[in-house]
Amino acid sequence: MTSENSSADGERQVWDVVVVGAGPAGASAAYAAAVAGRRVLLLEKAELPRYKTCGGGIIGPSPDALPPGFDLPLKDRVHAVTFSHNGRFTRTRRSRQMLFGLVNRPEFDQQLVEFAQKAGAELRTGATVQRVEQHGAAVPDRRTVAVVLQGGETILSRAVVGADGSASRIGAHVGVKVDQVDLGLEAEIPVPDTVAEDWKGRILIDWGPLPGSYGWVFPKGDTLTVGVISRRGEGAATKRYLEDFIGRLGLAGFEPSISSGHLTRCRADDSPLSRGRVLVCGDAAGLLEPWTREGISFALRSGRLAGEWAVRIAEAHDAVDTRRQALNYAFAVKAGLGVEMSVGKRMLAVFERRPGLFHMALTGLRPAWRAFKDVTQGSTSLGELVRTHPMAQRALTLLDRRQDEGVSP
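Residues numbered from 1 in each chain as written. Predicted model: local features only at pLDDT ≥ 70, side-chain atom pairs only at ≥ 80, totals over all residues. Heavy atoms only, no water.

J.: Which parts of the structure should I look at to understand the state of the cysteines?
T.: Every disulfide links exactly two cysteines, by a covalent bond between their sulfur atoms. Counting across every chain of the model gives zero disulfides. With no disulfide of its own, C266 has C281 as its nearest cysteine by sulfur position, at a separation of 15 Å. Look at C281 and you get buried, because its relative accessible area is 0%. (Disulfide = S-S within 2.5 Å. Buried < 20%, exposed > 50% of the residue type's maximum accessible area, 1.4 Å probe, protein only.)

See below:
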């Protein structure tokens with residue numbers, strides 16, 4: 001291990017890796033660094049478990065990105081999807097194999113943190129990070145980062161991973177740039193057994209009335225997670241969409257146990273993923289799928305990569321080696337997640353103009369439904385789909401061209 005413990009002459013302890021934020025990205029980073037045998041401190045400002053505005057869908061590559069032996073705390077297994085276009089043209093499609101699973105985020109996040117702790121990471125809750133410093137009086141040498149907490153306490157580390165959400169202080173330090181900000185509104189609605197039974201194993205996706213918007217219903221036992229998302233700046237219209245959506249579903253008479261809102265931020269293509277010995281991952285890096293705004297799989301995968309490269313940065317003895325490892329981390333993220341995001345941005349651009357086209361394809365064309373299943377089940381990704389399926393590649397290229405020309409598909 002490369003960390004130094006406090007000595008008799010008052011030398012301060014230096015952690016190998018400090019991770020800020022104990023969501024899926026942070027817990028994954030802490031696990032990856034701890035399982036490599038490093039001294040890891042995981043900081044979280046809230047007390048755990050804590051609520052997070054999120055549908056809780058575990059889709060695509062998420063299960064493969066979890067620690068070995070992790071048993072998903074599924075509240076339901078989805079075998080059917082009902083699609084509608086702003087409440088109309090409803091159709092349900094089914095799959096014999098499970099499409100994806102649904103979790104409650106407080107349980108899921110808590111379990112991930114426990115795995116990180118079992119691997120050796122130390123958790124500290126109620127710790128709000130104000131800033132990080134890589135130069136100045138608080139930093140004893142060039143191989144150290146100072147993490148300054150609210151109240152003035154300073155923690156020293158050889159590497160820092162920022163996983164502190166979409167309003168990340170660490171992201172601000174790194175200089176993360178975003179080019180897409182969306183508002184998600186969500187209600188957790190307890191329902192009677194008869195209503196819950198009707199939704200068991202089935203979700204609803206509604207392509208919404210605002211450009212790029214959609215709504216969802218995710219069943220989790222005796223509670224339905226109902227939400228909508230659209231571009232920021234349409235707050236009143238987004239709220240109306242949620243209210244109308246809940247009313248159409250016949251759920252207006254049930255009192256939500258939680259009503260919440262959240263901004264998702266999607267990184268610009270040239271946004272940095274590191275600065276010196278500080279890396280960012282998950283929402284803090286603006287890593288999510290731009291079309292669906294799915295973020296859990298991006299958090300798990302980027303968190304694991306960040307933890308692995310933070311270990312290498314902790315071991316780097318000079319600025320050149322540090323920079324090399326940080327660039328390798330950025331390359332690993334962009335080669336996988338970046339390709340998926342690029343395709344997602346193209347999908348969103350078309351979807352914003354013609355949501356009816358997507359509805360027609362998913363409800364009426366077998367190849368489109370098969371592609372949806374393959375992505376949700378994790379046998380392919382949006383990026384792989386376009387790369388390996390000539391028909392998908394031709395269709396997206398044609399849609400791109402028509403989008404550029406302003407022609408309706």
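Back to the text.
J.: What am I meant to see in the packing of aromatic side chains here?
T.: Aromatic rings considered in pairs are described by the distance between their centres and by the relative angle of their planes. Here the structure, examined in full by the defined rule, presents 15 aromatic pairs. Consider the rings of W291 and F358, whose centres lie 5.0 Å apart with planes at 45 degrees: the pair is tilted. Residue W291 is located in the loop between β18 (278-280) and α6 (296-315), and its partner F358 is located in helix α8 (residues 355-364); the two are separated by 67 residues in the primary sequence. Look at W291 and you get buried, because its relative accessible area is 10%. A centroid spacing of 5.4 Å and a plane angle of 15 degrees characterise the contact between W369 and F372, whose relative ring orientation is stacked. With W369 and F372 both in helix α9 (residues 366-377) and three residues apart, the pair spans about one turn of that helix. The exposure class of F372 is buried, given its relative accessible area of 17%. Put simply, the rings of F83, W207, Y214, W216, W291, F351, F358, W369 and F372 pair up and form one aromatic cluster. The ring of F298 carries R301 above its face, with NZ or CZ at 5.0 Å from the centroid. (Phe/Tyr/Trp six-rings, centres within 6.5 Å; stacked < 30°, edge-to-face > 60°. Helix = DSSP H or I, 4+ residues; strand = E, 2+ residues; numbered from the N terminus. Lys NZ or Arg CZ within 6 Å of the ring centre and 35° of its normal.)

J.: Just checking my understanding: could you explain the pairing of strand β2 (residues 40-44) for this structure?
T.: The side chains of a regular strand alternate, residue by residue, between the two faces of the sheet. Buried residues dominate β2, accounting for five of its five residues. Side chains V40, L42 and E44 project from β2 onto one buried face, and the interleaved L41 and L43 project onto a second face that is buried too. Inspection of the sheet shows strand β1 (residues 14-20) paired to β2 by four bridges, in the parallel sense. Note that in β2 the partner of V19 across the bridge is L42. Considered for its hand, the β-α-β crossover made up of β1, helix α1 (residues 24-35) and β2 is right-handed. (Pairing = 2+ DSSP bridges. Right-handed = clockwise from strand over helix to strand, strands pointing away.)

J.: Would you mind going over the sheet that holds strand β12 (residues 178-190) with me for this structure?
T.: Strands pair in a sheet through their backbones, by hydrogen bonds, and they do so in one of two ways: parallel or antiparallel. What the seven strands build is an open sheet, ordered β6-β5-β13-β14-β15-β12-β16; its pairing is mixed. Only two strands of the sheet have a single partner each, and these edge strands are β6 (88-94) and β16 (258-267). Across this sheet, the average inter-strand angle for adjacent strands is 20 degrees, counted without regard to direction. Both β12 and β16 contribute to a ladder of ten bridges, which runs antiparallel. The partner of A187 across the bridge, within β16, is S259. Lying on the sheet, helix α5 (residues 235-248) is in contact with β12, β13 (202-207), β14 (214-220) and β15 (223-231); it crosses β15 at an angle near 150 degrees. Here α9 sits on the sheet and contacts β5 (80-85), β6 and β13; the angle it forms with β5, its principal contact strand, is near 125 degrees. (Axes fitted to C-alpha atoms, helices over the stretch in contact; angles between N-to-C directions. Contact = heavy atoms within 4.5 Å.)

J.: Would you mind going over the nonpolar core with me for this structure?
T.: Among soluble globular proteins, nonpolar side chains are generally buried collectively. Core analysis: the biggest nonpolar cluster contains 68 residues, and V18, L43, F108, V147 and Y329 have the highest contact counts within it. If we ignore the near neighbours within four places in the chain, the residues touching F108 are P24, I58, L66, F70, L72, P73, V103, I296 and L300. Judged by nonpolar contacts, the second largest core, of 26 residues, contains V81, W216, I229 and W369. (Core = buried A, V, L, I, M, F, W, Y, C linked by side-chain atoms within 4.5 Å.)

J.: For this particular structure, what's the right way to read the sheet that holds strand β4 (residues 74-78)?
T.: Overall, antiparallel pairing links the three strands, which are arranged β3-β7-β4 in an open sheet. Only two strands of the sheet have a single partner each, and these edge strands are β3 (57-58) and β4. Where β3 and strand β7 (residues 100-103) come together, two bridges link them in antiparallel fashion. From the neighbouring strand, I58 faces β7, where its bridge partner is G101.

J.: What exactly am I supposed to notice about the environment of R96 here?
T.: Note that R96 resides in the loop between β6 and β7. Taking C-alpha positions, R96 is 28 Å from A299, a pair spaced 203 residues apart along the chain.

J.: Whenever I open this one, the side chain of E188 confuses me. Can you help?
T.: Within the fold, E188 resides in strand β12. With no salt bridge to any partner, buried E188 finds its closest opposite charge in K220, at an N-O distance of 4.6 Å. Side chain to side chain, E188 and T225 meet in a polar contact 2.7 Å long. Ignoring sequence-local partners within four residues, the contact set of E188 consists of Y51, T223, L224, T225, P256, S257 and I258. (Lys, Arg positive; Asp, Glu negative; His and termini not counted. Salt bridge = Lys/Arg side-chain N within 4 Å of Asp/Glu carboxyl O. Polar contact = N/O pair within 3.5 Å; in protein donor to acceptor, adjacent residues only side chain to side chain.)

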